[in-house]
Amino acid sequence: MIVKRLDHAELLACAPGLADLLVDTVEGGASIGFLAPLDRSEALAWWRERAAGTAAGRLAVWVAHDGGRPVGTVSLDFPDKPNSRHRAELVKLMVHRDARGQGLGRRLLATAEEAAAAAGITLLHLDTETDSPAERLYRTAGWSRIGAIPDYAAAPDGVLRPTSIYCKALGRETGADAPTR
């Protein structure tokens, strides 16, 4: 299985397959910002909107392909403010239901962490639904749970659920010694 970072044009070309992955993820019950049922055209439009961020360098997107079809993805969202260039948010880690249980989520997470460190990022953060399967992945990958926010987001079924906040320090460089991306 190949994991590749997509540029602007590649993201646009891959958007239909990523839309299918997004729909599958929501149908599987993952709370990633969408309510079920998610219309494929809405998912496609959402992915196409991400292309501008990749072109501007504010968003990095990796996709895992299996037989030419996207079966997993993860992204890093880079802040645009000068005082936060040392950090990034890990967003939209998704694995197709047919590809789960094979270590792909862990591989995508490690890919994003390694790329962040190589870009000079020293702090990553994310949020995920409390008590979701994703929490186990983040804990076993060395992420620290900071706390939870009650009723933070609606799950795909519309029920408000708490969200856990996680962070992970990368490398030892901090403050003024940290390189910029």
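Relevant structure appears above.
Below: a short report on this structure. The structure displayed is predicted, hence computed values, not measured ones.

The rules behind these values
Residues numbered from 1 in each chain as written. Predicted model: local features only at pLDDT ≥ 70, side-chain atom pairs only at ≥ 80, totals over all residues. Heavy atoms only, no water. Pairing = 2+ DSSP bridges. Helix = DSSP H or I, 4+ residues; strand = E, 2+ residues; numbered from the N terminus. Axes fitted to C-alpha atoms, helices over the stretch in contact; angles between N-to-C directions. Buried < 20%, exposed > 50% of the residue type's maximum accessible area, 1.4 Å probe, protein only. Contact = heavy atoms within 4.5 Å. Salt bridge = Lys/Arg side-chain N within 4 Å of Asp/Glu carboxyl O.

**Re the sheet that holds strand β3 (residues 69-77)**
Phase 1: Pairing within the open sheet is mixed, and its 7 strands lie in the order β1-β2-β3-β4-β5-β7-β6. The open sheet has two edge strands, β1 (2-6) and β6 (144-154), and neither has a second partner. If you compare each strand with its neighbour and ignore which way they point, the axes differ by 25° on average.
Phase 2: Two strands pair when backbone bridges link them, and β1 and strand β2 (residues 59-66) are joined in this way by 5 bridges, in the antiparallel orientation. Residue pairing in the sheet places V3 in a bridge with A64 of β2.

**Notes on the environment of E129**
Phase 1: Following the sequence through the fold, E129 ends up in strand β5 (residues 123-129).
Phase 2: A relative accessible area of 13% places E129 in the buried class.
Phase 3: As a C-alpha pair, E129 and A154 span 25 residues in sequence and 9.4 Å in three-dimensional space.
Phase 4: For E129, the contacting residues outside a window of four places in its chain are S31, E135, A155, R161, P162 and T163.

**Brief notes about the pattern of salt bridges**
Oppositely charged side chains are able to pair whenever their charged atoms sit close together.
Phase 1: Enumeration according to the criterion identifies 9 salt bridges in this entry.
Phase 2: For R97, the salt bridge goes to E27, with nearest N and O atoms at 3.4 Å. With R97 in the loop between β4 (87-95) and α3 (104-118) and E27 in helix α1 (residues 8-27), this residue pair connects regions lying 70 residues apart in the sequence.
Phase 3: What makes R97 partly exposed here is its relative accessible area of 37%.
Phase 4: Note that R145 is salt-bridged to E135, the shortest N-O span being 3.6 Å. Within this pair, whereas R145 is found in strand β6, its partner E135 is found in helix α4 (residues 133-140), the two being separated by 10 residues in sequence.
Phase 5: Taking the relative accessible area as the measure of exposure, R145 reaches 43% and is therefore partly exposed.

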